[in-house]
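# Topology and contacts: notes
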Amino acid sequence: MAIAGLGFGAEFIPIYQAHPDAELMAVCQRSEAALNEIADRFGVPGRFTSYEEMLRDPEIDAVHINTPIPHHAEHTVSALRAGKHVACTVPMATTLDECRSIVAAVRESGKKYMMMETVVYSREFLHVRDLLDNGTLGRIQFLRGAHYQEMAGWPGYWEGLPPMHYATHAVSPVLSLAGALAESVVCIGSGRISPDLTGRYGSPFAVESALLTLRDSPVGAEIARFLFETAREYVESFTVFGDRASFEWEQTQGSGHVLHTGEIPAPVEIPDFPHRLPPEIAPFTTRGVYDDDHEHLSFTQGSGHGGSHPHLAHEFLRSIVEDRASAIDEVTAANWTSVGICAHESAMSGGARVLIPDYERVTG
């Protein structure tokens, strides 16, 4: 394994080091000083300031990409063409054409791809998935996902980003629970951000809110997202309405999730799921890599991403070892990512319906 990008990416270093199926051979960071500091801290032997040079190393089988969003597609395609399996943080890409290029590159290379979406491996999601599978929720009637975040002070490439261009934390749980891909989207933009922010991407909206139709499913879903100049505590959330019971995400952090049975609400205790992991990496469901002074902001705001990191790494590695598609393969990742891209297109077009591309038809 090699990891590219050591801000958020460093959270995965000891997970891969401890995993019985992997050896972390190298890390890559543009800043040599930061590279050496982190590599020294964790005892990583291979160190690269050039991503291209790292890809030429024949000893590296797989790359976990944690570079800035604008580079995800380029770095993914180049790694696949270099014969490496690829895990990439969200979103998969920033355009529909980039999504198509990645799907084609996966098929041309024969390598495994996984988008490392944290929410669908969070303990909350795993618990609700169990409630669905054991019949507690019954038949799903409607789904709602939301990701509210104030990103003032984040790196400059985030400034003014269209809200739906980073929507997979809200999209992924609803589509995964529905067991369906998105078919179409209608989205409205609401409010306005400052001209300075608007000028970066040409997106004026403070909030974007979308309604999805799902392929071969009678269930609908709603997604809401904001990034700037809208006051609220951080939350990544999903709500599931079933005919027997409904799971509702807590309204404020610490207030508690609720399970509604009929009209009777009751608090929900969310268990952890370390028993689903090799014992060597199970402890990482409840702790991060760094102390409080070094944790990445996304890890801190996201409440540790629900203990998802070791589950993600394990699924990616097992897909390689077992020679099978990952749980979030190229088609699934492209669909989840394209929901946001197409939703923003809809918002910019006054709420016109936009069809989601069928990536199963993409050929290498």
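For the structure given in this document, a descriptive report is provided here. (Residues numbered from 1 in each chain as written. Predicted model: local features only at pLDDT ≥ 70, side-chain atom pairs only at ≥ 80, totals over all residues. Heavy atoms only, no water.)

## Thoughts on the environment of S31
- Of note, S31 is situated in the loop between β2 (26–28) and α2 (32–42).
- The sequence separation of S31 and L6 amounts to 25 residues, and the corresponding C-alpha distance is 9.9 Å. (Helix = DSSP H or I, 4+ residues; strand = E, 2+ residues; numbered from the N terminus.)

## Structural notes on the sheet that holds strand β8 (residues 182–190)
- One open sheet holds the nine strands; their spatial order is β14-β13-β12-β11-β7-β10-β9-β8-β15, and the pairing between them is mixed. Strand pairing shows two members of the sheet lacking a second neighbour, β14 (264–267) and β15 (354–355), which therefore form its edges.
- Two strands pair when backbone bridges link them, and strand β9 (residues 207–214) and strand β10 (residues 220–226) are joined in this way by seven bridges, in the antiparallel orientation. Across the sheet, the residue bridging to V207 is F226, located in β10.
- Across the sheet, helix α6 (residues 123–133) touches β7 (140–148), β11 (235–242), β12 (245–248) and β13 (258–261), and the angle it forms with β11 is around 5 degrees.
- Contacting β8, β9 and β15, helix α11 (residues 330–348) runs over the sheet at an angle of about 45 degrees to β8. (Pairing = 2+ DSSP bridges. Contact = heavy atoms within 4.5 Å. Axes fitted to C-alpha atoms, helices over the stretch in contact; angles between N-to-C directions.)

## Examining α2
- By the burial criterion, the buried members of α2 are L35, I38, A39 and F42. For α2, the arc enclosing every buried residue in end-on projection is 100 degrees, short of the 170-degree limit, so these residues lie on one face. Residues of α2 that are exposed and point more than 90 degrees away from the buried face comprise A33 and D40.
- The inward-facing, buried residues of α2 abut α1 (13–18), β2 and β3 (46–48).
- Two residues or fewer past α2, G43 is found with a positive phi of approximately 70 degrees. (Buried < 20%, exposed > 50% of the residue type's maximum accessible area, 1.4 Å probe, protein only. Arc of directions from axis to C-beta.)

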